[in-house]
Amino acid sequence: MKYYLTTPIYYVNSAPHLGTAYTTFVADAIKRFKKMQGYDPVAITTGSDEHGQNVERAAKSSNISPEEYATRVADEFVNQWAKLGIDYDYFIRTSDPKHFETVHDLFDRCQRNGYIYKGSYTGQYCFHDELYVNDAKPGDPCPDCGRPTETVTEENYFFKLSAFQERLLELYENDPKFVQPDYRRNELIQFVKGGLNDLSITRTSIKWGIPVPVEGNHVFYVWFDALTSYMSAVKGTSFWPADLHLIGKDILRFHAIYWPAFLMAAGLPLPKQVVAHGWILVEESKMSKSRGNIIRPSPVADAVGVDALRYFLMREITFGQDGSFSYDALIQRYNADLANGLGNLASRTLTMISQYRGGVVPTSDGASDVAAVAQTVVQSALESFDRFDFSRALELIWSLISAIDKFIVERAPWKLVKDPGSERLLDETLYTAAEALRIACAWLYPVMPGATAKIWAQLGMKQPIESMRVSDLHWGKLAGGQPIGRIEAVFPRIDAKVAIEKMKEGEIQEKARQDILMGKKPVAEEAKPASATINIDEFGKVDLRVGLVLSAERVKGSDKLLHLKVDIGEPAPRTIVAGIAEAYEPEKMLGRKVVIVANLAPRKLRGLESQGMIVAASLEGGKPVLAGFLEEVPVGARLK
Ligand SMILES: [Zn+2]
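Bear in mind that the values here come from a model prediction, so they are computed numbers and not experimental data.

Peer 1: Sorry if this is basic, but what is going on with helix H14 (residues 390-411) here?
Peer 2: An α-helix turns once every 3.6 residues. As a result, residues three or four positions apart point the same way. A rise of 1.5 Å per residue sets the reference length of H14, with its 22 residues, at 32 Å; its end C-alpha atoms lie 32 Å apart and thus fit the reference within 8%. Following H14 by one or two positions, Ala412 has its phi on the positive side, about 45°.

Peer 1: Can you help me understand the layout of surface pockets in this one?
Peer 2: Within this model, the second largest pocket holds a volume of roughly 530 Å³. Surrounding the second largest pocket, 21 residues form its lining, Gln180, Gln273, Asp386, Arg387 and Phe388 being those nearest its centre. Considered class by class, the residues forming the lining of the second largest pocket number seven nonpolar, five polar and nine charged.

Peer 1: So what exactly am I meant to see when it comes to the sheet that holds strand E9 (residues 202-203) here?
Peer 2: The strands making up a sheet associate through hydrogen bonds between their backbones, and the pairing can be parallel or antiparallel. Pairing is antiparallel in the open sheet, where three strands are placed in the order E9-E11-E10. Strands with a single pairing partner mark the edges of an open sheet, and in this sheet they are E9 and strand E10 (211-212). Relative to strand E11 (residues 215-220), E9 is paired through two bridges, and the arrangement is antiparallel. Looking across to E11, one finds that Arg203 is bridged to Val219.

Peer 1: Quick question: what am I supposed to make of the nonpolar core here?
Peer 2: Soluble globular proteins: nonpolar side chains tend toward being buried together. Grouped together as the largest cluster of nonpolar side chains are 121 residues, with contacts concentrated most on Leu313, Phe325 and Trp443. The residues touching Leu313, leaving out its near neighbours within four places in the chain, are Leu18, Tyr22, Phe25, Ile280 and Phe325. Ranked by size, the runner-up nonpolar core spans 54 residues in total, among them Tyr4, Phe164, Val192 and Ala233.

Peer 1: So what exactly am I meant to see when it comes to the environment of Lys98 here?
Peer 2: Mapped onto the secondary structure, Lys98 falls in helix H4 (residues 97-112). The exposure class assigned to Lys98 is partly exposed, which follows from its relative accessible area of 30%. The residues contacting Lys98, other than those within four sequence positions of it, are Ile92, Ser232, Ala233 and Lys235.

Peer 1: So what exactly am I meant to see when it comes to the side chain of Thr202 here?
Peer 2: As for its placement among the helices and strands, Thr202 is situated in strand E9. Residue classification places Thr202 among the buried positions, given a relative accessible area of 0%. A polar contact is formed between the side chain of Thr202 and the backbone nitrogen of Tyr157, at a distance of 2.9 Å.

Peer 1: What exactly am I supposed to notice about the packing of aromatic side chains here?
Peer 2: What describes a pair of aromatic rings is the distance from one ring centre to the other and the angle between the planes of the rings. Counted by the stated rule, this structure contains 35 aromatic pairs. Geometrically, the ring pair formed by Phe325 and Tyr327 is edge-to-face, given 5.8 Å between the ring centres and 80° between the ring planes. Each residue in the set Phe107, Tyr115, Tyr157, Phe159, Phe164, Phe220, Trp223, Phe224, Phe254, Tyr258 and Phe262 is aromatic and connected to the rest through ring pairs, giving one cluster. We note Lys249 situated over the ring of Trp279; from NZ or CZ to the ring centre the distance is 4.3 Å.

Peer 1: Explain the packing of helix H10 (residues 297-304) against helix H11 (residues 306-316) to me, please; I cannot follow it from the model alone.
Peer 2: A pair of packed helices is characterised by two quantities: the angle between their axes and the separation of those axes. Packing of H10 against H11 leaves a shortest axis separation of 7 Å and a crossing angle of 115°. Classed by the angle they form, the pair H10 and H11 counts as roughly perpendicular. For the pair H10 and H11, contact is made by Pro297, Val300, Ala301 and Val304 and by Val306, Ala308 and Leu309, respectively. Grouping the constituent residues of the contact of H10 with H11 by class yields seven nonpolar, no polar and no charged.

Peer 1: Please explain the sheet that holds strand E7 (residues 179-180) as it appears in this structure.
Peer 2: In spatial order, the strands read E3-E2-E1-E12-E13-E7; together these six strands make up an open sheet with parallel pairing. Pairing within the sheet leaves two strands with one partner each, and these edge strands are strand E3 (90-93) and E7. With seven bridges joining them, strand E1 (residues 3-11) and strand E2 (residues 42-49) adopt parallel strand pairing. Bridge pairing links Ile9 to Gly47 in E2. The sheet contacts of helix H3 (residues 66-83) involve E1, E2 and E3, and relative to E3 the element is tilted by about 165°.

Peer 1: Mind showing me how you'd approach the side chain of Glu50 here?
Peer 2: Residue placement: Glu50 occurs in the loop between E2 and helix H2 (53-61). For Glu50, a relative accessible area of 0% puts it in the buried group. A distance of 2.7 Å separates polar atoms of two side chains, one belonging to Glu50 and the other to Ser48. Excluding its chain neighbours within four sequence positions, the residues that come into contact with Glu50 are Val12, Val55, Ala70, Ala74, Arg93, Thr94, Ser95 and Trp208.

How each quantity is defined
- Residues numbered from 1 in each chain as written.
- Predicted model: local features only at pLDDT ≥ 70, side-chain atom pairs only at ≥ 80, totals over all residues.
- Heavy atoms only, no water.
- Helix = DSSP H or I, 4+ residues; strand = E, 2+ residues; numbered from the N terminus.
- Expected span 1.5 Å × (residues − 1).
- 1 Å grid on protein atoms, 1.4 Å probe; cavity = no way out; pocket = protein on both sides within 12 Å on 5 of 7 lines; lining within 4 Å.
- Points joined across faces, edges and corners; volume = space filled by probe spheres on them.
- Nonpolar A, V, L, I, M, F, W, Y, C, P; charged D, E, K, R; others polar.
- Pairing = 2+ DSSP bridges.
- Core = buried A, V, L, I, M, F, W, Y, C linked by side-chain atoms within 4.5 Å.
- Buried < 20%, exposed > 50% of the residue type's maximum accessible area, 1.4 Å probe, protein only.
- Contact = heavy atoms within 4.5 Å.
- Polar contact = N/O pair within 3.5 Å; in protein donor to acceptor, adjacent residues only side chain to side chain.
- Phe/Tyr/Trp six-rings, centres within 6.5 Å; stacked < 30°, edge-to-face > 60°.
- Lys NZ or Arg CZ within 6 Å of the ring centre and 35° of its normal.
- Axes fitted to C-alpha atoms, helices over the stretch in contact; angles between N-to-C directions.
- Parallel < 35°, antiparallel > 145°, perpendicular 65-115°, else oblique.

Below you can see the structure in the form of structure tokens.
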């Protein structure tokens, strides 16, 4: 029986980070687990979501085409997944012609069945940035530049989502596994019961997208394009419908409402399950560009190994909920669970077999009490993996590791070896340890494929670990008389201080590399050392005020200067001459709040007396960018 699962296709507006790596690691672990369960073939689709205004803009600021930009970032994902050992099968790019065909086909089917109509979309738009600002109210500022957004109306194609409320609710009721976990399913049901609005699925103001077949000036907008990639990736195979869409909780509605509705409208089979996981929190908050707390996976993998990172994320985060990442916690778990736990069990077991039995696994049935523990643990771990409860599965496997550690201490094989009457007891002890190690490794393989394969080889196993099936994992399958391999430490202890230093240093370098890749121009002023320090009293001499621009016009005979009247809460507005005309149209300045140095000595520019200075970031080779406020602030307020 086939099993087909997907990660989200990642938006090329950001480079890979720990969050996208987490979803992809989980997909990889599920694939390996499904193979153990006997599913065949098992395939993963991942990929890149490449269209839309953000990509258009990012490409423009890097002076390259959107195609080039998207290719550059898509390649970065491919390279990162290769470095992190992800065993995916399909990497779909939404710029792939085969994907265009699938989107067109889906649209045709929906249209033929009467679920597409023409209407007009009204929303807030920033003309400066050519950006739709979702959920903004008229007059709200643009989140990028702070200018007021404007209400626009354009003709769009709409999808009749409202027609699917009842059918979607039936789907969630009849098939509770369709959306998991349950608490997210319940939230979703409440949301859908509140009613569904029809969905605008095209735009005319965006160029970089998939053209609508009947009208070339329309392109598909976000979800009709992106979600369909799960089908495009496996076009021409029998993998569709997907058995599992693995996603972050922030995109659940799109996957559990829009996507099944599109497919119902088209008369196509629905995916079997959508499972939403939580966020990785760093210092208690979600990783985000604006908070600057993004962690990238490669430097962590370089310091502790990919397997330890995978183990940490799946052990520490209860799948479905938010979980925290920190370098300290990672190293603590590494040393406690991997170096002292699994790694130590492997090296002491193998070393004893080498020293006491000439490197050959003795023949025995093993100790029945440990065998019983192993059988119980294996059964519960199987059930936990099946629920994607990785944390619980790992906890159970570690209870087996603790049980065998305790057993070795109690049996004290280093004493048995000195007693000629204890030959059989020593054989039984060593066999029990080795068999428990084999079983633990096989069950840890989906989470730590690299490290477990190494221990597997050291145990002298002939069949590769990836070919193990659940039915091979019963107690007693380890063959006595099997020679073990060369012993090597798999998880050497880590010095926390050294490793954390290395990860932090690596993170800085990785961020710089990705910033260049993403076309972020370094700010010239930032690179220079800060100026000599001043004390608070000296700073207090500078009177910075919030000003409101009342009028603006170009200064005759100058390309650079604007003549502004600015209200800073005084009886009369100030006249200010500012060198910003190349960056800002006079009409765009009207009604804008700016920061003014109010006590700068007046100076004459082109015959006009400037009574203060406007504050802007100055970029080498770039245009000035005015300082502003995202929140409401009264005119005349002093900045301190
Ligand atoms: Zn803007």
